[in-house]
Amino acid sequence: GKTIAIATGFSTEFGLCLIDAATGEEVAQISLTDRPGLLLYVPDGQRIVVTAADGKAVRLIGLSDAKVVRTFPNAGHIFTAALSPGGKHLIVGGFDYEKSAWFARRWELDTGREMDPLPVGKGGISHVVFSSDGTIIAIAADNQKKVAVRLLDAASGQERRRIPLPDQSGIKSLAFSADGKTLAVSAGSATQLFDIA
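As the structure is a computational prediction, the values presented were derived from the model and not from experiment.

1. Some points on the pattern of salt bridges
Thinking step 1. Inspection of the entire model under this criterion finds eight salt bridges.
Thinking step 2. The residue D34 makes a salt bridge to R59 at a minimum N-O spacing of 3.0 Å. Here D34, found in the loop between strand 3 (26–32) and strand 4 (36–41), pairs with R59, found in strand 6 (residues 57–62); they are 25 residues apart in sequence, far enough to count as distant.
Thinking step 3. Residue classification places R59 among the buried residues on the basis of a relative accessible area of 15%.
Thinking step 4. In the salt-bridge network here, residues are joined through shared partners; they are D44, R47 and D110.

2. Brief notes about the environment of E98
Thinking step 1. Locating E98 in the fold gives a position in the loop between strand 9 (89–96) and strand 10 (101–108).
Thinking step 2. Assessed through its relative accessible area of 77%, E98 is described here as exposed.
Thinking step 3. With 93 residues separating them in the primary sequence, E98 and T191 have C-alpha atoms 34 Å apart.

Parameters at a glance
- Residues numbered from 1 in each chain as written.
- Predicted model: local features only at pLDDT ≥ 70, side-chain atom pairs only at ≥ 80, totals over all residues.
- Heavy atoms only, no water.
- Salt bridge = Lys/Arg side-chain N within 4 Å of Asp/Glu carboxyl O.
- Helix = DSSP H or I, 4+ residues; strand = E, 2+ residues; numbered from the N terminus.
- Buried < 20%, exposed > 50% of the residue type's maximum accessible area, 1.4 Å probe, protein only.

From the geometry alone we can't say anything about function, so treat these as descriptive.
Put into structure tokens, the structure is as follows:
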């Protein structure tokens, strides 16, 4: 909670600007070779995950030396990304326009080892979030025909439950309660709360 990261650059110079949250002062600039997309702080507060806006790569950056620690190669446009509560696993989801296929890839953050992908099929993926204990992954499946939330077992990737939503206007966000027992789903003009059990 001490540092704010802001994506910068609009033409040829891209990077991150790090701001002291207490004073509002700039503390560092990190240069990147491409326009940043999503930004995720690793729970240790010492690293940040940055997706490239074109979806071609995901980078883990150390904030102490402002250097890229690891690059996770990717193909396809990234719509969503999430870190497990302890920061051990990273998931990115989106659509590969060259293959005309949805994807949900995941890696071990510290080793860079790619794990088995999560099944998304034709349902697609617009949002992803881990439960607070890291055992459940909620995926918003939103292909504009059938809107649903799928609950997956984080260890096996197997689907535990599917929550269909009557509102077909699309899912805007997902969030688990701190105890992991309730899932909030914002879709259309309402936010609904679901009991996970």
